[in-house]
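Examining the three-dimensional arrangement
What follows is each chain in one-letter form.
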Amino acid sequence: MHDATIDDTQNRKKEFLKRLRIYTQSQHTALEAHPLSVSLFKEDVNLDDYLRYLKAMYGVVAGFEEAYYPILKDWVPAIERRRKTPWLTQDLQLLKSDIPFSIAAPTFLESSPAPAYLLGKMYVMEGSVLGGAVIYKQLQPKLGFSPEEGGRYFYGYGSQTASMWKAFLEVLTTQALVENAEPNILKGAAEQFVAIQTFFDTNY
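To start, this report covers the structure provided alongside it. Here the residue numbers are simple positions, counted from 1 along each chain's written sequence. Only residues with pLDDT of at least 70 are given local features in this predicted model, and only at 80 or more are side-chain atom pairs given and counted; all residues enter the totals for whole chains, interfaces and linings. Values reported for side chains reflect all heavy atoms of the structure, with hydrogen atoms and water molecules removed beforehand.

Some remarks on the overall build of the protein
Using the following cut-off: Put simply, DSSP H or I for four residues or longer makes a helix, DSSP E for two residues or longer makes a strand, and each gets a number counted from the N terminus. With C-alpha atoms as the basis for the radius of gyration, the globule rule is written as 2.2 Å multiplied by the number of residues raised to the power 0.38. Any residue under 20% of the maximum accessible area for its type is buried, any over 50% is exposed, and the rest in between are partly exposed; the area is computed with a 1.4 Å probe on protein chains only. We call two residues contacting when some pair of their heavy atoms lies within 4.5 Å. Throughout, the Shrake-Rupley method with a 1.4 Å probe supplies accessible areas, and for residues the shown protein chains are the sole cover considered. Just so you know, the count uses Lys and Arg for positive and Asp and Glu for negative, and it drops His and the chain ends. Here the site of a charge means NZ on Lys, CZ on Arg, CG on Asp, or CD on Glu.
The helix and strand tally for the protein stands at nine helices and zero strands. Helices and strands in the protein line up, N terminus first, as α-α-α-α-α-α-α-α-α. At 17 Å, the protein has a C-alpha radius of gyration in line with the 17 Å of a compact globule built from 204 residues. C-alpha atoms of the protein, sized along the principal axes, occupy 60 × 35 × 30 Å. When burial is assessed residue by residue, the protein has 46% of its 204 residues classed as buried. Within the protein, residue pairs in contact and separated by at least 24 positions form 80% of the contacts whose partners lie at least 6 positions apart. Of the roughly 10700 Å² that the protein leaves accessible, carbon and sulfur atoms contribute 55%. Taking the average location of the 21 positive side-chain charges in the protein and that of its 24 negative ones, the two points are 2 Å from each other.

None of this, on its own, says anything about what the molecule does.
Below you can see the structure in the form of structure tokens.
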């Protein structure tokens, strides 16, 4: 009986993640099709393309971490290990670029956002590390950077990427099984994709 309960819980978590991917598919696809995103996969991608993207992501990441990490720290263990603003700062400084002043403003559904809503937003931010690993492999041969020389952001968690993602998903899916939490997670994730695209459109 105990094993059956565990299996049922795991199945419910897997089904939730499937619904989450489907729910956010159009927003995710739109962001991937944004000119800033597409520019990184050009055959003739150059340092200017790369820096433009890093500056845009600096605004998104710094804005997110400043607004939401103080709230999420009670829900995501060791959240400080997940800060990405220092990675972007390191890359921009090493590549002799200025640090942007403009950062993305927080967007709340309410004055006291539900933790599930913020976890949905963080799902997008943590998922970007997986995409970053793909981009790193794409750009490294062309631009010649390394984690220590301008490629820290896209290198992400390195060899710990899979374990860090799995740990976050465990937090997310456990929360998703709480009554009425799933709609908030779905909404948060979808709105975060849109928020990133809006920031790109407005600032870059």
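Picking up after the structure, the text goes on.
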